Amino acid sequence: MTTPSLEHELDRIALALDRLERAATARELEIAEMSALKARHRRLKDTVSNELQQLDLLLANLPQKP
C-alpha cells in the first residue's frame, strides 16, 4: 500500500509526463507544418521566377522605339 504523499508524488510525475507528451506532439505538428510551409514557399518562389523569366522574354521581344 502506498502512502498519501507517495501517491501525490506519483500523480505529479504522471501529470508532468502528460505535459511532456503533449508538448512533444505539438512540436512534431509544428515541424510538419514548417516543412509544408517551406515546400510551398519553394514552389511559389520557382513559379515567380519562371513568370519573371517569361516577362523578361516578352519585354525583350517588344519593338524598340526609334
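Quick note: structure is the one above.
Residues numbered from 1 in each chain as written. Predicted model: local features only at pLDDT ≥ 70, side-chain atom pairs only at ≥ 80, totals over all residues. Heavy atoms only, no water.

Participant: Sorry, what's going on with the overall build of the protein here?
Facilitator: Counting secondary structure elements, the protein contains 1 helix and 0 strands. In summary, the protein has a C-alpha radius of gyration of 29 Å against a globular reference of 11 Å for 66 residues, an excess of more than 25%. Structurally, the protein occupies a C-alpha span of about 100 × 15 × 5 Å along its principal axes. Looking at the 66 residues of the protein, the share that counts as buried comes to 0%. When the accessible surface of the protein is totalled, it reaches about 6600 Å², and 62% of it is carbon and sulfur. Between the centroid of the 10 positive side chains of the protein and the centroid of its 11 negative side chains there is a distance of 11 Å. (Helix = DSSP H or I, 4+ residues; strand = E, 2+ residues; numbered from the N terminus. Rg over C-alpha atoms; globule rule 2.2 N^0.38 Å. Buried < 20%, exposed > 50% of the residue type's maximum accessible area, 1.4 Å probe, protein only. Areas by Shrake-Rupley, 256 points an atom, 1.4 Å probe, with all protein chains shown as cover. Lys, Arg positive; Asp, Glu negative; His and termini not counted. Charge placed at Lys NZ, Arg CZ, Asp CG, Glu CD.)

Participant: What's the story with a nonpolar patch on the surface in this structure? I'm lost.
Facilitator: On the surface, a cluster of nonpolar side chains totalling about 670 Å² of accessible area is made up of L44, V48, L52, L55, L58, L59 and L62. In this fold, L59 is placed in helix α1 (residues 4–60). For L59, a relative accessible area of 48% gives the class partly exposed. (Patch = residues over 30% accessible without salt bridge, like charges linked within 9 Å, V, L, I, M, F, W, Y side chains within 5 Å. Salt bridge = Lys/Arg side-chain N within 4 Å of Asp/Glu carboxyl O.)

Participant: For this particular structure, what's the right way to read a positive patch on the surface?
Facilitator: A cluster of basic residues, K38, R40, R42 and R43, forms a positive patch at the surface. Checked against the element boundaries, R40 lands in helix α1.

Participant: Would you mind showing me how to read the pattern of salt bridges here?
Facilitator: Pairs can form between side chains of opposite charge whenever their charged atoms are close. Enumeration according to the criterion identifies 3 salt bridges in this entry. A salt bridge links E9 to R12, with the shortest nitrogen-to-oxygen separation between them at 3.2 Å. Placement of both E9 and R12 in helix α1 is noted, with a separation of 3 residues, approximately one turn of the helix. Residue E9 is classed as partly exposed on the basis of its relative accessible area, which comes to 36%. When the shortest N-O distance is used, the salt bridge between E30 and R27 registers 3.2 Å. With a gap of 3 residues between them, E30 and R27 both fall in helix α1, about one helical turn apart.

Participant: Help me understand the environment of A23, please; the structure alone is not making it clear to me.
Facilitator: Within the element layout of this structure, A23 appears in helix α1. By relative accessible area, A23 is classed as partly exposed at 44%. Taking the C-alpha atoms as reference, A23 lies 30 Å from T3; in sequence the two are 20 residues apart.

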